[in-house]
Amino acid sequence: GGAGPTAAVPAPSPDIDGDGDITIVDAPIFLVQLFVPYNPRYDLNIDGTVGIADISVLLSKLKM
């Protein structure tokens, strides 16, 4: 038998501080994650790394 279809893993929310809004306050909290061991909570594009592409996701969702 083969494995069934794999369910898509939902991307983590860019609302890093959990206040219900994606604002500039989330950015510095996120940026710290670039310098610490990988945490899937901050892998916003679910590519296996936390990096520039994830920052782009966060910035694209910012409410000004």
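About the criteria used
Residues numbered from 1 in each chain as written. Predicted model: local features only at pLDDT ≥ 70, side-chain atom pairs only at ≥ 80, totals over all residues. Heavy atoms only, no water. Salt bridge = Lys/Arg side-chain N within 4 Å of Asp/Glu carboxyl O. Helix = DSSP H or I, 4+ residues; strand = E, 2+ residues; numbered from the N terminus. Buried < 20%, exposed > 50% of the residue type's maximum accessible area, 1.4 Å probe, protein only. Phe/Tyr/Trp six-rings, centres within 6.5 Å; stacked < 30°, edge-to-face > 60°. Lys NZ or Arg CZ within 6 Å of the ring centre and 35° of its normal. Core = buried A, V, L, I, M, F, W, Y, C linked by side-chain atoms within 4.5 Å. Contact = heavy atoms within 4.5 Å. Arc of directions from axis to C-beta.

### Considerations on the pattern of salt bridges
So, point 1. Throughout the structure, instances matching the rule amount to 1 salt bridge.
So, point 2. In this structure, Asp 21 engages Lys 63 in a salt bridge whose closest nitrogen and oxygen atoms are separated by 3.1 Å. Of this pair, Asp 21 sits in the segment before α1 (26-31) while Lys 63 sits in the segment after α2 (52-61); the two residues are 42 residues apart in sequence, bridging distant segments of the chain.
So, point 3. Looking at Asp 21, the relative accessible area reads 33%, which means it is partly exposed.

### Structural notes on unusual backbone geometry
The bulk of non-glycine residues show a negative phi, and the bulk of peptide bonds are trans.
So, point 1. Within the chain, Ile 46 stands out as a residue other than glycine whose phi angle is a positive 40°.
So, point 2. Overall, the relative accessible area of 43% leaves Ile 46 in the partly exposed class.

### Focus on the packing of aromatic side chains
Pairs of aromatic rings are described using the distance from one ring centre to the other and the angle between the two planes.
So, point 1. Tallied over the entire structure, the rule returns 1 aromatic pair.
So, point 2. Positioned over the ring face of Tyr 42 is Arg 41, at 5.5 Å from the centre of the ring.

### Thoughts on the nonpolar core
So, point 1. Membership of the largest hydrophobic core is limited to 10 residues, which are Ile 16, Ile 22, Ala 27, Phe 30, Tyr 42, Leu 44, Val 50, Ile 55, Leu 58 and Leu 62.
So, point 2. Put simply, the parts of the chain that give this core at least two residues each are α1 and α2.
So, point 3. Beyond its immediate sequence surroundings of up to four residues, Tyr 42 is in contact with Ile 16, Phe 30, Gln 33, Val 50 and Asp 54.

### Some points on α2
In an α-helix, one turn spans 3.6 residues, which is why side chains three or four residues apart end up on the same side.
So, point 1. All of the buried residues along α2 are Asp 54, Ile 55 and Leu 58. One side of α2 holds all its buried residues, which, seen down the axis, span an arc of 105°. In α2, the exposed positions that point more than 90 degrees away from the buried face belong to Ile 52 and Ser 60.
So, point 2. Here the buried face of α2 lies against α1.

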